[in-house]
Amino acid sequence: MSNQRWTQRPEGSNWGDFGPDDQIGRMNLLTPERRLKAIREVEHGLTFCLSLPLDYPGGNELFALRKEPRFFYEKRGTGHNYNFRLSQVCGCFSDVVSDDAVMLYTQYSTQWDGLGHVGQMFDVDGDGVAEKVYYNGFQGGVHVVGPDDAQSDLGAHAIGIENLATAGVQGRGVLVDLEKVHGRERVLVGYDGLMGMIDDQKASVETGDFLCLYTGFADLILEMGKKPDGEVLAKSCPVLDGRDSRLLNWITDSGIVAICADNFAVEAYPARPGEGDAYPGLPLHAHCLFKLGLNLGELWYFGELARWLRQNGKTSFLLTAPPLRLTGAVGSPATPIATV
Ligand code: UVW
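Residues numbered from 1 in each chain as written. Predicted model: local features only at pLDDT ≥ 70, side-chain atom pairs only at ≥ 80, totals over all residues. Heavy atoms only, no water.

1. Topic: the overall build of the chain
1) Next: From N to C terminus, the chain includes nine helices and 21 strands.
2) Next: The C-alpha atoms of the chain give a radius of gyration of 21 Å, which matches the 20 Å a tight globule of 340 residues would have.
3) Next: In terms of overall dimensions, the chain has C-alpha extents of about 70 × 55 × 45 Å along its principal axes.
4) Next: Among the 340 residues that make up the chain, the fraction classed as buried is 52%.
5) Next: Within the chain, contacts between residues separated by at least 24 positions form 74% of all contacts whose residues are at least 6 apart in sequence.
6) Next: Accessible area for the chain stands at about 15800 Å²; split by element, carbon and sulfur atoms hold 50% of it. (Helix = DSSP H or I, 4+ residues; strand = E, 2+ residues; numbered from the N terminus. Rg over C-alpha atoms; globule rule 2.2 N^0.38 Å. Buried < 20%, exposed > 50% of the residue type's maximum accessible area, 1.4 Å probe, protein only. Contact = heavy atoms within 4.5 Å. Areas by Shrake-Rupley, 256 points an atom, 1.4 Å probe, with all protein chains shown as cover.)

What follows is the structure in structure tokens.
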């Protein structure tokens, strides 16, 4: 199999399986039938907001390159377009209006990783030279263009987050409760550990599902009240072992469309050392985003939903979680909602 962007695809990838120019990857498995099945999960009409306030974690201890939202206000008349009396436009108007603008780091808080977030150096054209490539062979500097590339038209012109926004991110969420088993202990969870919890909690994970992992990390961030302690966070709560090949194979075979976790990167970062001269620093990201086109949700907030599911002996729910339809972005804040 090959197409105009690649003649060889990475081992274990699904490039081309959803069409030569596919830009939504595993989300293709979320069919109308599976959405209907997800809607049938709803029995009580209760909703849970699965987002942190977007100004959390607070500061940038968690990741130095991502900053808190900053607000701006446009000038209007002699002041600003905020608490602005519309009588200044027409004396008879009684309105007071406010607008705001915000500088939002798309991956600061509760977020989706888009397929343009992590690629790999990989020889797509078989010439012996590795190129910067992303899911389905879209290229860094050509399709995903940054300020250090030759082109001046910046952004993800393919695999941008707007593709996920229009894919209809609504389906069946299945929550695996890692916090119930490990508490706040930092544990590397591989295939055996995850399968054990899925079995014990009778969480049936099916094709088209969103796998949701509750680790307690976002609860800890909330408790820190916008003053996150980086050292404590680095040693707290379970993370997936992205270097466990059996876990990665299970993700491929499971048919899940996304993994959503309440921790920083779903997987341990940094990961355990790999083998050979060059290997992914974020192996689960490489497997999911780059090879499978499977989006990752991070820093979601599952605390209240997890407690309700525990009390009611359930693991599944209707999940509605579109990203912003922000053309050309490689990630996006989200305000996911669970309905039970
Ligand atoms: C990194 O980029 C380290 O991970 P994330 O997917 O959490 O943004």
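2. Describing the pairing of strand β17 (residues 258-261)
1) Next: What you see with β17 is no split at all: Ala258 and Cys260 on one side and Ile259 and Ala261 on the other are buried throughout.
2) Next: Two elements, β17 and strand β18 (residues 295-298), share three bridges in a ladder whose sense is parallel. Paired with Cys260 across the strands is Gly297, a residue of β18.
3) Next: As a crossover connection, the stretch from β17 through helix α8 (residues 283-292) into β18 is right-handed. (Pairing = 2+ DSSP bridges. Right-handed = clockwise from strand over helix to strand, strands pointing away.)

3. Observations regarding the packing of aromatic side chains
1) Next: One pass over the structure, following the stated rule, counts 10 aromatic pairs.
2) Next: A centroid spacing of 6.5 Å and a plane angle of 55° characterise the contact between Trp112 and Phe210, whose relative ring orientation is tilted. You can see Trp112 sitting in strand β8 (residues 111-113) and its partner Phe210 sitting in strand β15 (residues 210-214), a full 98 residues away along the chain. There is no split in this pair, since Trp112 and Phe210 are both buried.
3) Next: For the ring pair Trp112 and Trp300, a centre distance of 5.1 Å and an interplane angle of 85° mean the geometry is edge-to-face. Of this pair, Trp112 sits in strand β8 while Trp300 is found in the loop between β18 and α9 (303-312), placing the two residues 188 residues apart along the sequence.
4) Next: Among the aromatic residues, those joined into a cluster by ring pairs are Trp6, Trp15, Phe122 and Phe290.
5) Next: Lying across the ring of Phe138, Arg5 places its NZ or CZ 3.9 Å from the centre. (Phe/Tyr/Trp six-rings, centres within 6.5 Å; stacked < 30°, edge-to-face > 60°. Lys NZ or Arg CZ within 6 Å of the ring centre and 35° of its normal.)

4. Section: a nonpolar patch on the surface
1) Next: Nonpolar side chains collect at one region of the surface, where Phe71, Tyr73, Tyr82, Val102, Leu104, Leu324 and Leu326 lie side by side and expose about 600 Å² of accessible area between them.
2) Next: On the secondary structure map, Leu326 appears in the loop between β19 (316-320) and β20 (331-333). (Patch = residues over 30% accessible without salt bridge, like charges linked within 9 Å, V, L, I, M, F, W, Y side chains within 5 Å. Salt bridge = Lys/Arg side-chain N within 4 Å of Asp/Glu carboxyl O.)

5. Notes on the sheet that holds β18
1) Next: Spatial ordering of the open sheet is given by β1-β21-β19-β13-β15-β17-β18-β8-β20, a layout of nine strands whose pairing is mixed. On the outer flanks of this sheet lie β1 (47-49) and β20, each paired with one strand and no other. Averaged over all neighbouring strand pairs, the angle between strand axes comes to 25°, with direction disregarded.
2) Next: In terms of strand pairing, strand β13 (residues 170-177) meets β15 through five bridges, oriented parallel. Along β15, the bridge assignment pairs Leu175 with Cys212. (Axes fitted to C-alpha atoms, helices over the stretch in contact; angles between N-to-C directions.)

6. Things to note about the site of the ligand
1) Next: Surveying the vicinity of the ligand reveals the residues Arg66, Asp113, His117, Phe264, Ala265, Tyr269, His285 and Glu298.
2) Next: At a separation of 2.8 Å, an oxygen atom of the ligand approaches a polar backbone atom of Phe264.
3) Next: Between the ligand and Glu298 there is a distance of 2.8 Å, counted from an oxygen atom to a side-chain nitrogen or oxygen.
4) Next: Protein contacts shield 95% of the accessible area of the ligand, which totals 260 Å² for the unbound molecule.
5) Next: Considered class by class, the residues forming the shell around the ligand number three nonpolar, two polar and three charged. (Near = heavy atom within 4 Å. Polar contact = N/O pair within 3.5 Å; in protein donor to acceptor, adjacent residues only side chain to side chain. Nonpolar A, V, L, I, M, F, W, Y, C, P; charged D, E, K, R; others polar.)

7. Things to note about the side chain of Arg26
1) Next: Within the secondary structure layout, Arg26 lies in the segment before α1 (32-39).
2) Next: There is a polar contact of 2.9 Å between the side chain of Arg26 and the backbone oxygen of Ile251.

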